[in-house]
Amino acid sequence: MGIPLTIKPQTLIGCPNCDLLVQRPSSKKRHDACCPRCGSLLVRSSLDSINRTLALSISGLILFIPACFLPLLELNIYGHTGSCTMIKGVLQMMKSGYWWMSCLVLFCSILVPFFIQMLLFGLSLALKLGAWPSLLVRPLKLYQSLTEWAMLDVYMLGILIALIKMEDYGDIFPGPGLYCFIGLLVLATLSILSFDAGLAWSLIERRTP
Amino acid sequence: MNREQTLRNSGLILCLTCHKLIRAGKKHPRCPRCGSLVHSRTPGSLSTTWALVITGFWLLIPANILPITQVVYLGDGQPDTIISGIISLINDGMLPIAILVFLASIVVPILKLLGISFLLLCVQFKWTFSAYHCTLLYRFISLIGRWSMLDLFMISILTALVDMGAVSSVTPGPGATAFATVVVITLFASKRFDPRLIWDLKET
Ligand SMILES: [Zn+2]
Ligand SMILES: [Zn+2]
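This structure is a prediction, so every number in the text was calculated from the model and none was measured.

(A) The layout of surface pockets, seen in detail. Residues and elements named next belong to chain B. The volume enclosed by the second largest pocket comes to roughly 480 Å³. Counting residues per element, the ones that place at least two in the lining of the second largest pocket are strand 3 (69–73), strand 4 (76–80), helix 2 (82–91) and helix 5 (150–161). For the lining of the second largest pocket, the per-class residue count stands at 17 nonpolar, six polar and five charged.

(B) Local environment of helix 7 (residues 196–203) of chain B. With respect to burial, helix 7 of chain B is a largely interior element, six of its eight residues being buried. Restricting attention to buried positions, one finds in helix 7 of chain B the residues B:Arg196, B:Leu197, B:Ile198, B:Trp199, B:Asp200 and B:Leu201.

(C) Region of interest: the coordination of the zinc ion (ligand 2). Residues and elements named next belong to chain B. Within the protein, the zinc ion (ligand 2) binds to Cys 15 (SG), Cys 18 (SG), Cys 31 (SG) and Cys 34 (SG); these donor distances fall in the range 2.2 to 2.3 Å. In primary-sequence terms, the residues that donate to the zinc ion (ligand 2) follow C-x2-C-x12-C-x2-C. With a gap of 16 residues between them, Cys 18 in the loop between strand 1 (12–14) and strand 2 (21–23) and Cys 34 in the loop between strand 2 and helix 1 (45–65) connect regions that are remote in the sequence. In terms of burial, Cys 18 and Cys 34 fall into one category: buried.

(D) Spatial organisation of the side chain of B:Thr159. Turning to its location among the elements, B:Thr159 is positioned in helix 5. Overall, B:Thr159 belongs to the buried group, its relative accessible area being 2%. Apart from the residues within four sequence positions on either side, B:Thr159 is in contact with A:Gln92, A:Met93, B:Val170 and B:Pro172.

(E) A look at unusual backbone geometry. Look at A:Asp19: it is not a glycine, yet its phi comes out positive at around 70°. Within the fold, A:Asp19 resides in the loop between strand 1 (12–14) and strand 2 (21–23).

(F) Spatial organisation of helix 2 of chain B. Those residues of helix 2 of chain B lying buried are B:Ile82, B:Gly85, B:Ile86 and B:Leu89. Viewed end-on, helix 2 of chain B has its buried residues packed into an arc of 100°, placing them on one side of the element. On its buried side, helix 2 of chain B packs onto helix 5 (152–165) of chain A together with helix 1, strand 4, helix 3 (95–124), helix 5 and helix 6 (174–192) of chain B. B:Gly93, located one to two residues past helix 2 of chain B, shows a positive phi value of around 80°.

(G) Seen up close, the domain arrangement of chain A. By the assigned domains, chain A splits into domain 1 (9–43) and domain 2 (49–207). Its C-alpha centre places domain 1 of chain A at a distance of 30 Å from the equivalent point of domain 2 of chain A.

(H) Focus on the environment of B:Ile65. Residue and element names in this part refer to chain B. Structurally, Ile 65 can be placed in helix 1. Using a relative accessible area of 59% as the deciding quantity, one classes Ile 65 as exposed. Separated by 19 residues in the primary sequence, Ile 65 and Ser 84 place their C-alpha atoms 10.0 Å from one another.

(I) Structural detail: the coordination of the zinc ion (ligand 1). Residue and element names in this part refer to chain A. Taken together, Cys 15 (SG), Cys 18 (SG), Cys 35 (SG) and Cys 38 (SG) make up the protein donors of the zinc ion (ligand 1), found 2.2 to 2.4 Å from the metal. In this structure, the zinc ion (ligand 1) is surrounded by four donor atoms whose angles at the metal cover 103 to 114°, and the resulting shape is tetrahedral. Since its relative accessible area comes to 4%, Cys 35 is described here as buried. In this structure Cys 38 comes out as buried when scored by relative accessible area, which is 0%.

(J) Region of the structure containing the pairing of strand 3 of chain B. Residue and element names in this part refer to chain B. Bridge count between strand 3 and strand 4: five bridges; the pairing is antiparallel. Paired with Thr 69 across the bridge in strand 4 is Asp 80. The loop that links strand 3 with its antiparallel partner strand 4 comprises two residues; one of these, Leu 74, has a positive phi angle of about 50°. Note that strand 3 and strand 6 (residues 168–172) share four bridges and pair antiparallel. By the bridge assignment, Val 71 is partnered in strand 6 with Val 170.

(K) Focus on the sheet that holds strand 7 (residues 171–174) of chain A. All names here are of chain A. Taking strand neighbours across the sheet as the criterion, the three strands line up as 6-5-7 in an open arrangement whose pairing is antiparallel. At either end of the open sheet lies a strand with only one pairing partner, and these are strand 6 (80–84) and strand 7. Between one strand axis and the next, the sheet turns through 15° on average, direction left out of account. Strand direction decides the pairing type here: strand 5 (residues 73–77) and strand 7, joined by four bridges, are antiparallel.

(L) Just the packing of helix 5 of chain A against helix 6 (residues 176–194) of chain A, in detail. Residue and element names in this part refer to chain A. Contact geometry for helix 5 and helix 6: axes closest at 10 Å, N-to-C directions at 150°. Viewed along their axes, helix 5 and helix 6 adopt a mutual orientation that is roughly antiparallel. In this structure, helix 5 meets helix 6 at a crossing whose hand is left-handed. Residue-level inspection shows Leu 152, Asp 153, Tyr 155, Met 156 and Ile 159 of helix 5 in contact with helix 6, the latter providing Leu 178, Phe 181, Ile 182, Leu 184, Leu 185 and Ala 188. Of the residues in the contact of helix 5 with helix 6, the class split is 10 nonpolar, no polar and one charged.

(M) How the structure looks around the packing of helix 4 (residues 131–144) of chain B against helix 7 of chain B. Residues and elements named next belong to chain B. Between helix 4 and helix 7, whose axes approach to 9 Å, the crossing angle comes to 175°. Put simply, helix 4 runs roughly antiparallel to helix 7. Here helix 4 contributes Ala 131, Tyr 132, Cys 134 and Thr 135 to the contact with helix 7, which in turn contributes Ile 198, Trp 199 and Lys 202. For the contact of helix 4 with helix 7, the residue count by class is five nonpolar, one polar and one charged.

Reading the values: the criteria
Throughout this description, residue numbers start from 1 for each chain and increase along the sequence as written. Labels are handed out in written order, letters beginning with A for the chains and numbers beginning with 1 for the ligands. Only residues with pLDDT of 70 or above have their local features reported here, since the model is predicted, and side-chain atom pairs are shown and tallied only from 80 upward, although totals for entire chains, interfaces and linings are computed over all residues. To get the side-chain values, take all heavy atoms of the structure and skip hydrogens and water. Put plainly, a pocket is an open set of points on a 1 Å grid over the protein atoms alone with protein on both sides within 12 Å along at least five of seven lines, a cavity is a set where a 1.4 Å probe fits but cannot get out, and a lining residue has an atom within 4 Å of a point. Grid points are joined across faces, edges and corners, and a volume is the space filled by probe spheres set on the points. Runs of E in the DSSP output that reach at least two residues are strands. Runs of H or I that reach at least four are helices, and both are numbered from the N terminus. Amino acids outside the nonpolar list (Ala, Val, Leu, Ile, Met, Phe, Trp, Tyr, Cys, Pro) and the charged list (Asp, Glu, Lys, Arg) are all regarded as polar, and Gly is one of them. Burial classes follow relative accessibility: with a 1.4 Å probe on protein chains only, a residue under 20% of its type's maximum area counts as buried, one over 50% as exposed, and anything between as partly exposed. Metal donors: N, O and S atoms at distances within 2.8 Å, or within 3.2 Å for Na, K and Ca, with water omitted from the atom set so that some sites may seem incomplete. By definition in these notes, contact holds between two residues if any of their heavy atoms fall within 4.5 Å. When we speak of the arc, we mean the arc of directions from the helix axis to the C-beta atoms. Throughout the structure description, domain borders are defined by an automatic or database domain assignment. Square planar and octahedral sites, with four and six donors, are those where opposite donors lie more than 155 degrees apart and all other angles lie between 65 and 115, tetrahedral sites have four donors with every angle between 85 and 135 degrees, and the rest are irregular. Between any two strands, pairing holds if DSSP finds at least two bridges. Note on geometry: axes are lines fitted to C-alpha atoms, helical ones only across the stretch in contact, with angles between N-to-C directions running from 0 to 180 degrees. Every angle not falling under 35 degrees, over 145, or within 65 to 115 is termed oblique; those three ranges are roughly parallel, roughly antiparallel and roughly perpendicular. For a crossing to be left-handed, the near helix must be turned anticlockwise from the far one by less than a right angle; the clockwise case is right-handed.

Here's what the structure looks like:
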């Protein structure tokens, strides 16, 4: 039982979670499409995806340096002071010999979010200019495989818990890096949400000679 | 024809990377758009996921028995395991945080491993539960997995923040290494499991 040849595959989409064949919703519709059988999100609509992603990823990249190197929290215990930055958290664990854990923290909280912003910036710029479509395949695949390892939101919760937990032990207050980090978290989340990978793939396919 | 039309019985394969539909037929088809190898079902999904889940269960033991942090406060200190850390949070009157840490460090990894094992058993022994709810469980498991990194990030932040030599310090313990491995393994396990196998049970 094959599909009738009169139906073009372009008008159909498949569900990755339950293998159902679904009619592609018309591109005029401006809302998300879910699988009718298992409810997974199939098509995410995003207005003006490329321009928005470009603007958001540039702003995200600018905030990255201060968010990584400025102190997130500052602590004072009876005159002894301490502060933590994202980089220092990784280095300190490395120094105590826990290299596997510190690499994991480095990967999920700094490297992956940074590469994602870089890739989104590069991809949306190239898609906007319409340049080098065949060179975009690898970066786009890399972007898709990295997204689930970006954990800035989990890190944010970690900072909050550390802040509340240490209140009993000494004076703790947020440092300048924390404000940059919150900005970075918002921008990074919005830029991932605004980027439409499906659109990117179809543009690449259309423009490849 | 009241059977739902799936990709498999339509002779199509979905590229999981770029979501292009490809006609099945060739022996090792590649996606013409992104170049990935495409499979109607992820090959070896069951055995790889089983291996990861069993390793994950084993590593839960050292992750919970060995200390994950060594806290020194004003000269004296003791090693803390995940559970003793949560208990001392409750004793300090920080119940909401204790609940959050309990959820992220204990409930999420165990729920994830049990959930994937349940799905694997369903496929292996052809138990037919509601495929819709099984997929819902799978999507839930994939969604919550990353939050178990919470404890590791917290250790990293505290290690840098409380670094005052002999007076006060926080250092990671060997349990943290095991716990980090559990988190990574469960993330890979849910990625490796192919939820379409659940729906195949309905077809046959
Ligand atoms: Zn579906
Ligand atoms: Zn593809």
